[in-house]
Amino acid sequence: MNLTLTNSKKGLIYFCTALLICFGLNLDIFKDYAFLDAYELIYTADRIDNFHSLFIENGRPLYGLWCEYLYGYFFETITELKWPRVFATLCCIIFSTQLFRFLIKVGFKTYESGIFALLVLALPTFTVYFAWSTTSQIPLLLITNFYAGELLLKGFAKQKVLCVNVVVSFLIILTSMFLYQSTATTFILPFLIKTIKTNEFDLKIIKKFIVFTFFCYLFYYLLFKFTIVVSGLEAANRTSPNLLVFTKKIIKFFIIELRILVKSSGFLIFPKLSLIVGVISFCGFFILKMKQKIGLLYLASLVLILLFCYAPYLLSGQNYFSLRAISTTAIVVLFYQFYFLRYLAIKHVNLKFGFMFLTISLLVLSFFNQRKYVAGLQHEEYTILKKAFEDFDIESTDKLTIIIPKYDHLQKHQNLKNGFSDEFGHLSSAKVWAPNHLFSQIKWEQKKIRTKEEIFPVSNITVSTIEDLKNKSSDKTINIEELFKTKFSKN
């Protein structure tokens, strides 16, 4: 009896396994909540005339169309936002399966490929993708850009400068940049993984990738400028390359952001232990490569590829680090760590159990990250606010003031020890544009009508901090700060 499985069957088995594990660890995404700007988008998508303007100004006009249909037509209530989150999670699993199949294709064993592909799903970056409807387009772009990278490997192997594979890849990447720029560099992953596995450093192919990337950025920038001129809008500051702070951003990446990435899913719960294990495995990869006498240029390229993957952020005028915008670099860092730990497990058979234990631990940590710091936290916040907003009587007033909590409210009141960026361990209602749109959305849902008539206009709501309100009078007030002090759970 022949039990040998084809790669297609292996891929199907992995997909089903990853499906069970991923949804099992992220069940909180099925709960009712929005998340940060999703509160604003779901209310404004088909209620304001200039909805697309902000997206065009930020170089993402296709993302504006995505949000218009996502929030304006397909999903109109907070409860329905679970479905774009499910879509994003499914896309993440498909992307993970892509990785799994490609790893097998270039020579990794089946169980090794499965471990790495599952660990990608445990990354904090992917925890955000599972939980946030506003990032639901990103996993889809990871799939398409990884496919573009596979096409480029085939295309650059040919003598022709331009061929069908290269042209199709160019169009895929260019389109993705008008949706979400940071996903574009995912196309480098197939080449990087194959190069490290085979240890074949082809400088000619690298030059082709560099030239190809340059033209992708150039065409995108020219088309973006053309779009701005035609629309009569002004480009946002974040779309303008800021070469003056470019060096500072690079230094910041290696000092702060890379340190977060090497911790993987333990970055909040066991930060010190995760840093030690992460740094050892990350540095161990480069030590291993140096022992293989790969050459200085090859070694330098392995470092520079981290910046290459992060280039859309480094070239922008934005100076705010978020895990949602660093997926490709996070995957590369994880692959370096995985490659070194795999080497240790092969050389020392007893370490295989440690390798498996570490994999399971990171998956479990991703579960706690989702429950305590992202989806579970957002659901608890939404439940409290929904009750308070539904109970508020709007019949006797047409004005309302909402007092929002401080950014570090949960840490200050010891609900949570840690937090990171605006993605982990922080309240959506701490942003001035979230609670007012949520209030109007809830009052609209409460009326159970499906016209877009505003029940309580957002323009009638003032959002303020307790300090700003001290010298002002307000008859009708909802104090979220006090509400959370008494009703938010201690985790």
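Residues numbered from 1 in each chain as written. Predicted model: local features only at pLDDT ≥ 70, side-chain atom pairs only at ≥ 80, totals over all residues. Heavy atoms only, no water.

(A) Up close: the overall build of the protein chain. Along the backbone of the protein chain there are 21 helices and three strands. A globule of 491 residues ought to have a C-alpha radius of gyration of about 23 Å, and the protein chain, at 24 Å, matches this closely. Projecting the C-alpha coordinates of the protein chain onto the three principal axes gives extents of approximately 75 × 55 × 50 Å. Buried positions account for 54% of the 491 residues belonging to the protein chain. Counted over contacts in the protein chain with a minimum sequence separation of 6, partners at least 24 positions apart contribute 80%. Counting 53 positive and 34 negative side-chain charges, the protein chain places the averaged centre of each group 16 Å from the other. (Helix = DSSP H or I, 4+ residues; strand = E, 2+ residues; numbered from the N terminus. Rg over C-alpha atoms; globule rule 2.2 N^0.38 Å. Buried < 20%, exposed > 50% of the residue type's maximum accessible area, 1.4 Å probe, protein only. Contact = heavy atoms within 4.5 Å. Lys, Arg positive; Asp, Glu negative; His and termini not counted. Charge placed at Lys NZ, Arg CZ, Asp CG, Glu CD.)

(B) Region of interest: the side chain of Thr328. With respect to the helices and strands, the residue Thr328 is situated in helix α16 (residues 327–347). Contacts of Thr328, omitting those with residues within four sequence positions, involve Ser182, Thr185, Thr186, Ile188, Leu189 and Cys309.

(C) Region of the structure containing the packing of helix α12 (residues 246–262) against helix α13 (residues 271–291). The contact between α12 and α13 brings their axes to 8 Å, and the two run at 95°. In terms of orientation, α12 lies roughly perpendicular with respect to α13. Taking contact as the criterion, the partners of Leu258, Arg259 and Val262 in α12 are, on α13, Ser274, Leu275, Gly278, Val279 and Phe282. In the contact of α12 with α13, the residues fall into five nonpolar, two polar and one charged. (Axes fitted to C-alpha atoms, helices over the stretch in contact; angles between N-to-C directions. Parallel < 35°, antiparallel > 145°, perpendicular 65-115°, else oblique. Nonpolar A, V, L, I, M, F, W, Y, C, P; charged D, E, K, R; others polar.)

(D) Region of interest: the packing of aromatic side chains. Applying the stated criterion across every chain yields a total of 47 aromatic pairs. Judged by centre distance (5.8 Å) and plane angle (85°), the rings of Phe267 and Phe420 are edge-to-face. With Phe267 in the loop between α12 and α13 and Phe420 in the loop between α19 (409–412) and α20 (435–446), the pair connects residues that are 153 residues apart, well separated along the chain. Just as Phe267 is buried, Phe420 falls in that class too. Here Phe285 and Phe286 contribute two aromatic rings whose centre-to-centre distance is 5.2 Å and whose plane-to-plane angle is 80°, an arrangement assigned as edge-to-face. Across the pair, exposure class does not vary: Phe285 and Phe286 are buried alike. An aromatic cluster is built from Phe108, Phe116, Phe282, Phe285, Phe286, Phe335, Tyr336, Phe338, Tyr339 and Phe355, whose rings are joined through pairwise contacts. A cation sits over an aromatic face here: Arg47 above Tyr43, 4.0 Å from the ring centre. (Phe/Tyr/Trp six-rings, centres within 6.5 Å; stacked < 30°, edge-to-face > 60°. Lys NZ or Arg CZ within 6 Å of the ring centre and 35° of its normal.)

(E) Up close: the sheet that holds strand β3 (residues 477–479). Spatially, three strands are ordered β2-β1-β3 in an open sheet, and the strand pairing comes out parallel. Taken across any chain shown, the strands that pair with only one partner, and hence form the sheet edges, are β2 (461–464) and β3. With strand direction ignored, the average angle separating the axes of adjacent strands in the sheet is 15°. Examined bridge by bridge, strand β1 (residues 400–403) and β2 share four bridges and lie parallel to one another. Of the residues in β2, the one forming a bridge with Ile402 is Val463. α20 contacts β1, β2 and β3 of the sheet and is inclined by roughly 145° relative to β2. Each of β1 and β3 is contacted by helix α21 (residues 480–487), which is oriented at about 40° to β3, the strand it contacts most. (Pairing = 2+ DSSP bridges.)

(F) A look at helix α10 (residues 189–198). Burial analysis of α10 places seven of its 10 residues in the buried class, which makes it a mostly covered element. Among all positions in α10, only Leu189, Pro190, Phe191, Leu192, Ile193, Thr195 and Ile196 are buried. The inward-facing, buried residues of α10 contact α5 (82–105), α8 (137–156), α11 (203–231), α13, α14 (296–309) and α16. Following α10 by one or two positions, Asn199 has its phi on the positive side, about 60°.

(G) Main features of the environment of Ser136. Residue placement: Ser136 occurs in the loop between α7 (124–131) and α8. Among the residues examined, Ser136 registers a relative accessible area of 0% and is labelled buried. Spatially, the C-alpha atom of Ser136 lies 9.6 Å from that of Cys92, the residues being 44 residues apart in sequence. Among all residues touching Ser136, those that are not within four sequence positions of it are Trp66, Leu70, Pro84, Phe87 and Ala88.

(H) Here's a closer look at a nonpolar patch on the surface. Nonpolar side chains collect at one region of the surface, where Val211, Phe214, Phe215, Leu218, Phe219 and Leu222 lie side by side and expose about 550 Å² of accessible area between them. Mapping Phe215 onto the fold places it in helix α11. (Patch = residues over 30% accessible without salt bridge, like charges linked within 9 Å, V, L, I, M, F, W, Y side chains within 5 Å. Areas by Shrake-Rupley, 256 points an atom, 1.4 Å probe, with all protein chains shown as cover. Salt bridge = Lys/Arg side-chain N within 4 Å of Asp/Glu carboxyl O.)

(I) How the structure looks around the environment of Phe321. Inspection of the secondary structure assignment puts Phe321 in the loop between α15 (311–314) and α16. Overall, the relative accessible area of 8% leaves Phe321 in the buried class. Each C-alpha atom of the pair Phe321 and Lys252 lies 9.8 Å from the other, and the pair is 69 residues apart in sequence. What Phe321 contacts, discounting residues up to four positions off in sequence, is Lys252, Glu257, Ile260, Tyr310, Tyr313, Ile326, Phe420 and Ser421.

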